[in-house]
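Here are the chains, one letter per residue:
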Amino acid sequence: MRTPTRRTVLAAALAAAGTGLLTACSGSGSMKGMDHSSMNHGSTPTAPTGYLAPNGPEVAAAEARRSPGPERKVSLTATETTLDLGGRTVRTWAYGDRLPGQEVRATVGDTLALTLANHLPQPTSLHWHGLALRNDMDGVPGLTQAAVKPGASFDYRFALSRPGTYWFHPHSGVQQDRGLYAPLIVEDPKEPLRYDKEWVVVLDDWVDGVDGSTPDAVLAELAKGMGGMAGMDHSGHDMAGMPGTGGAGAPSAGATGPARMLMGAASPLLGGDAGDVAHPFHLVNGRLATAPETFTAKPGDRIRIRLINAGGDTAYRVALGGHELTVTHTDGFPVEQATTQALLLGMGERYDVLVTAKDGAFPLTALAEGKNATALAVLRTGGGAAPDASVRPAELDGKLVTAAQLKADPSVRLPAKSPDRTVQLELTGGMAKADWAFNGRPYDPAQRYPVAAGERVRLEFRNSTAMWHPVHLHGHSFALPGDGPRKDTAIVLPGATLAVDFDADNPGLWMVHCHNIYHAETGMMTVLGYRA
Ligand code: C2O
Ligand code: CU
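Just so it is clear, the structure is predicted and the values come from calculations on it, not from any experiment.

1. Description of the coordination of the copper ion (ligand 2)
Those donors, His469 (ND1), Cys514 (SG) and His519 (ND1), are the protein atoms that reach the copper ion (ligand 2), and they lie 2.0 to 2.1 Å from it. Written as a sequence motif, the donor arrangement for the copper ion (ligand 2) is H-x44-C-x4-H. One end of the pair, His469, is in strand β26 (residues 469-473); the other, His519, is in helix α6 (residues 517-521), with 50 residues separating them in the sequence. For the residue pair His469 and His519, the accessibility class agrees, reading buried in each case.

2. A look at the packing of aromatic side chains
A complete count under the given rule lists seven aromatic pairs for this structure. Note on Trp128 and Phe168: the rings are 5.1 Å apart at their centroids and 45° apart in plane angle, and the pair reads as tilted. Of this pair, Trp128 sits in strand β5 (residues 127-129) while Phe168 sits in strand β7 (residues 164-169), and the two are 40 residues apart along the sequence. Relative to Tyr156, the ring of Phe154 lies with its centre 4.5 Å away and its plane at 55°, an arrangement referred to as tilted. A relative accessible area of 22% places Phe154 in the partly exposed class. In this structure Tyr156 comes out as buried when scored by relative accessible area, which is 1%.

3. Digging into the side chain of Asn135
By the element assignment, Asn135 lies in the loop between β5 and β6 (153-159). Owing to a relative accessible area of 0%, Asn135 belongs among the buried residues under this scheme. Side-chain polar atoms of Asn135 contact the backbone oxygen of Leu509, separated by 2.7 Å. Discounting chain neighbours no more than four positions away, the residues touching Asn135 are Pro54, Val59, Thr144, Pro507, Gly508, Leu509 and Trp510.

4. Details of the sheet that holds strand β1 (residues 71-84)
What the four strands build is an open sheet, ordered β2-β1-β4-β6; its pairing is mixed. In this open sheet, the two strands that pair with only one neighbour each are β2 (89-95) and β6. On average, adjacent strands in this sheet sit at an angle of 20° to one another, irrespective of strand direction.

5. So, helix α3 (residues 57-65)
For α3, the complete set of buried residues consists of Val59, Ala62 and Glu63. Seen along its axis, α3 keeps its buried residues to an arc of 100°; they face one direction. Facing away from the buried side of α3, by more than 90 degrees, are the exposed residues Pro57, Ala64 and Arg65. Residues of α3 that are buried sit in contact with β6.

6. Considering the pairing of strand β8 (residues 182-187)
Buried residues dominate β8, accounting for five of its six residues. Here strand β3 (residues 104-107) pairs with β8 via four bridges, running parallel. Within β8, the residue paired with Val104 across the bridge is Leu184. By the bridge criterion, five bridges tie β7 to β8 in an arrangement that is antiparallel. Its bridge partner being in β8, Phe168 is matched across the sheet by Ala182.

7. Brief notes about the environment of Pro183
Here Pro183 is to be found in strand β8. Spatially, the C-alpha atoms of Pro183 and Glu103 are 4.9 Å apart, while their sequence positions differ by 80 residues. Setting aside chain neighbours within four positions, we find Pro183 in contact with Pro100, Gly101, Glu103, Val104, Tyr166, Trp167, Phe168, Val200, Val202 and Ile308.

8. Some remarks on the sheet that holds strand β18 (residues 343-345)
Spatial ordering of the open sheet is given by β13-β21-β20-β15-β18, a layout of five strands whose pairing is mixed. Single-partner strands in this sheet number two, and they are β13 (294-296) and β18. Strand-to-strand twist across the sheet, computed as the mean angle between neighbouring axes with direction ignored, equals 25°. By the bridge criterion, eight bridges tie strand β20 (residues 361-368) to strand β21 (residues 373-380) in an arrangement that is antiparallel. Bridge pairing links Ala366 to Ala375 in β21.

9. Brief notes about the environment of Thr328
As for its placement among the helices and strands, Thr328 is situated in strand β16 (residues 325-330). Between the C-alpha atom of Thr328 and that of Leu354, which follows or precedes it by 26 residues, the distance is 7.1 Å. Apart from residues lying up to four places away in sequence, Thr328 is in contact with Leu193, Phe333, Pro334, Val335, Gln337, Asp352, Val353 and Leu354.

10. Quick look at helix α4 (residues 215-223)
All of the buried residues along α4 are Pro215, Ala217, Val218, Leu219, Glu221 and Leu222. Contacts from the buried residues of α4 go to α6. Two residues or fewer past α4, Gly225 is found with a positive phi of approximately 75°.

11. Some words on the pattern of salt bridges
On inspection of all chains with the given rule, the structure shows 28 salt bridges. Here Arg66 makes a salt bridge to Glu63, at a shortest N to O gap of 2.7 Å. With respect to class, Arg66 is no different from Glu63; both count as buried. One network of salt bridges, in which partners are shared, links Glu103, Arg105, Glu187, Glu191, Glu198, Arg304, Arg306 and Asp352.

Here is what the cut-offs are and how they apply
The written sequence of each chain sets the order in which its residues are numbered from 1. Throughout, the order in which chains and ligands are written sets their labels, letters from A for the former and numbers from 1 for the latter. Given that the model is predicted, a residue must reach a pLDDT of at least 70 before its local features are reported, and side-chain atom pairs must reach 80 or more before they are shown or counted; all residues, however, enter totals for whole chains, interfaces and linings. Excluding hydrogens and water, the side-chain values take into account all heavy atoms of the structure. Coordinating donors are taken as N, O and S atoms within 2.8 Å of the metal, stretched to 3.2 Å for Na, K and Ca; because water is absent from the atoms, sites can appear incomplete. Think of it this way: any DSSP run of H or I at least four residues long counts as a helix, any run of E at least two long counts as a strand, and we number them from the N terminus. The classification of residues rests on relative accessible area computed with a 1.4 Å probe and restricted to protein chains. Under 20% of the type maximum is buried, over 50% is exposed, and intermediate values are partly exposed. By convention, a stacked pair of Phe, Tyr or Trp rings (six-membered ring in the case of Trp) has centres within 6.5 Å and planes under 30 degrees apart, an edge-to-face pair has planes over 60 apart, and any other such pair is tilted. Polar contact is the term for a pair of N or O atoms within 3.5 Å; when the atoms are in protein, one must be able to donate a hydrogen and the other to accept it, and sequence-neighboring residues count only if both atoms are side-chain atoms. In what follows, residue pairs with any heavy atoms lying within 4.5 Å of each other are defined as contacts. The criterion for strand pairing is that DSSP finds at least two bridges linking the strands in question. Helix axes are fitted only over the stretch in contact, all axes being lines through C-alpha atoms; the angle between N-to-C directions runs from 0 to 180 degrees. This arc describes the spread of directions from the helix axis toward the C-beta atoms. Salt bridges are defined as contacts in which a side-chain nitrogen from Lys or Arg sits within 4 Å of a carboxyl oxygen from Asp or Glu.

Written out as structure tokens, the structure reads:
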């Protein structure tokens, strides 16, 4: 339980005074040495005043405007289980006994009524990644709801206001890097695309239950920082030049399992350092490349592929051997169609593509970017040998269209308007000290960056770290610059600045965070709060 601190009280006072300078205290030396326990005013957490409550009347009114329609009832159990990844079994946590969890499919306008039963040994929650939903259903413990205790259940109930490719996962610690994820597909009754078949493809990096590893142990290992590597800058370029750093500088093992800290993973596409964690496996739809899922179709079929990166620390470069991809959507929103041979997905991102199937058996390969490993699924429309597990189709090195090169479909273009407010979020910290943060300030659920309903808000992400970050905003979709695509998750390369705009039209308290689960959990998260 959080207790109010002088810092949060002061922050609230500043906000109430209309300065909006909620970060005024960040970096203040006198605050850093503060003994929080001495500021304890009681045992009930007190949110800063002057902000809308996640379950307040404004949130209910916004939900009513979505005119919630017929109920789509689902029940889901988060449980400890044993999963077969294809010749390799792991003890893990998942939704039911499958990986990914059973896809939830509904129609825009439906009310999703999903009961989550928590059979895990830890509290959990469900976050609906990418949805502009009512704030008290957003699934962030300590901010929008209380965590769902072991043995308890929680009823999620909200209107689905937009079609598209989404997914859900817990917002509790590093649980998402276990098997706790599943697709959420919201269909459009007026679907403008025409296709014969649809294939949902979920990518994931896997460590849980392998030789005793758990995501919690990986987090504990990373949180110690690079210890023996002291004096060395965490720069992708430096590290890339030093493969095989071992010996005295070798990372120590986590609490359980072998060491999983990754150094020297370099990717030009990601501007240097590709990731922090050496996940032993990479999966497509819960399967190892040696036992891939096979999707069957007929030659000439038009197939809509919905790609979702559910990984914890891995960007995937994806290509379908022998085929071009026509990009139709990213993060649920349509784009002006563009053809490409490969796509790069940061954690949390989605792309929908159309392909016209050729005759044969083709690898859908997901290269763990900068990590020299691949995941595989197979498209089969005819005879021929199945692709080899480690095949790297030439298309992986072909034309690659990035989000920055796409344009929003005119139907979802954010109307031009200059921002009423700019929120500066400098991405700070590094792997050396595991001090990932925004503006040098690690996550504090009582901190708010204020916004006001009706404003056009610009988020300016300035990446001062030596690593790329997939930044994610809850409850809204932002627009990339220059009529760029509408997205909820976007890659910010090291040294780069990305400014994205959104309309503050969904009242509440909303997370902004890096979707690298280990960066988020060591501090790179914060909260946008709608002012009362
Ligand atoms: Cu996938 Cu806070 O989100
Ligand atoms: Cu990050």
